[in-house]
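Spelled out from the first residue to the last, the chains are:
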Amino acid sequence: MNPQLFLAFIGVAVALACTPGVDWAYSIAAGLRERSFVPAVAGLCGGYVVHTALLTAGLAAVITGMPGLLGWLTVAGAAYLLWLGTGTVRSWRSASFGAQPVAGPAAPANAQGTAPANQFRIFLQGMGTSGINPKGLLFFVALVPQFVSPDAALPVPLQSGLLGLTFVLLVAVIYSCVALLARRLLHSRPGAARRVTLASGVIMVALGLVLLGEQLAPVVAGIAWQ
């Protein structure tokens, strides 16, 4: 792999991962509501691992070449973001309490945010947040091939996989820092934590509406012209 291309990819990937969006909103909200933000960040990374696997297998390009299928994926992603954002908005009043230590000498096994089932649910929600978003799929298809060198010793699929996993690693570090900083800054400010959680939910809902609007606009325009 070309070292210059790889360094250029890291620069672009860091810039994109540092851009606030629905991933930031989910990691911050989960970090404030739950005892640990690790399941949320791991889930977000898991979604990008799926994108990497699709790209390596060549399925991503096939999906993007099918506008009908991509449209339905966008609708599914929009509906998921609306559902997740609505749930976040409803729970904004309890933000920051999940991060506080449980009183007493020992925390109960089923304390809020500690049950394995709850952690797995958070992981799956995070995986869905990044994995079902069609724009994430398009990001991998549009960005990664620009940094793949056909003349390199490594095969193109292997280069694509390495670039995708590099992005996953960068995302894991950046999103963990975002969630950790949000928790430390807002842990002693319940009012601010609630407002940030509410804003995170609103962002998810807004992005879901935007994605849904992008798919419905052509349909509405077609009806209007009839």
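To be clear, the structure that these remarks concern was listed above.
Here's what I pulled together on the structure shown here.

Rules of the game
- Residues numbered from 1 in each chain as written.
- Predicted model: local features only at pLDDT ≥ 70, side-chain atom pairs only at ≥ 80, totals over all residues.
- Heavy atoms only, no water.
- Helix = DSSP H or I, 4+ residues; strand = E, 2+ residues; numbered from the N terminus.
- Buried < 20%, exposed > 50% of the residue type's maximum accessible area, 1.4 Å probe, protein only.
- Areas by Shrake-Rupley, 256 points an atom, 1.4 Å probe, with all protein chains shown as cover.
- Disulfide = S-S within 2.5 Å.
- Phe/Tyr/Trp six-rings, centres within 6.5 Å; stacked < 30°, edge-to-face > 60°.

**Examining the overall build of the protein chain**
Logical step 1: Looking only at helices and strands, one finds 9 helices and 0 strands in the protein chain.
Logical step 2: When the helices and strands of the protein chain are listed from N to C terminus, the series reads α-α-α-α-α-α-α-α-α.
Logical step 3: In the protein chain, which comprises 226 residues, the proportion classed as buried is 40%.
Logical step 4: Accessible surface for the protein chain amounts to roughly 11,500 Å². Of this, 73% is attributable to carbon and sulfur atoms.

**Considering the state of the cysteines**
Logical step 1: Following the criterion strictly, the structure yields 0 disulfides and no others.
Logical step 2: Cys18 carries a free sulfur, and the closest cysteine sulfur to it, the one in Cys177, is 9.0 Å from it.
Logical step 3: On the basis of relative accessible area, Cys18 is assigned to the partly exposed category, the value being 38%.

**Concerning the packing of aromatic side chains**
Logical step 1: Evaluation of the coordinates by the stated rule reveals 5 aromatic pairs.
Logical step 2: Their ring planes at 20 degrees and their centres at 6.4 Å tell us that Phe120 and Phe123 sit as a pair that is stacked. Of the two residues, Phe120 and Phe123 are both situated in helix α6 (residues 116-131); the distance of 3 residues between them amounts to about one turn of the helix.
Logical step 3: Here Phe123 falls in the partly exposed class, since its relative accessible area comes to 26%.
Logical step 4: A connected cluster of aromatic rings, assembled from ring pairs, spans Tyr48, Phe140 and Phe167.

Fair warning: the whole summary comes from geometry, so function is off the table for now.
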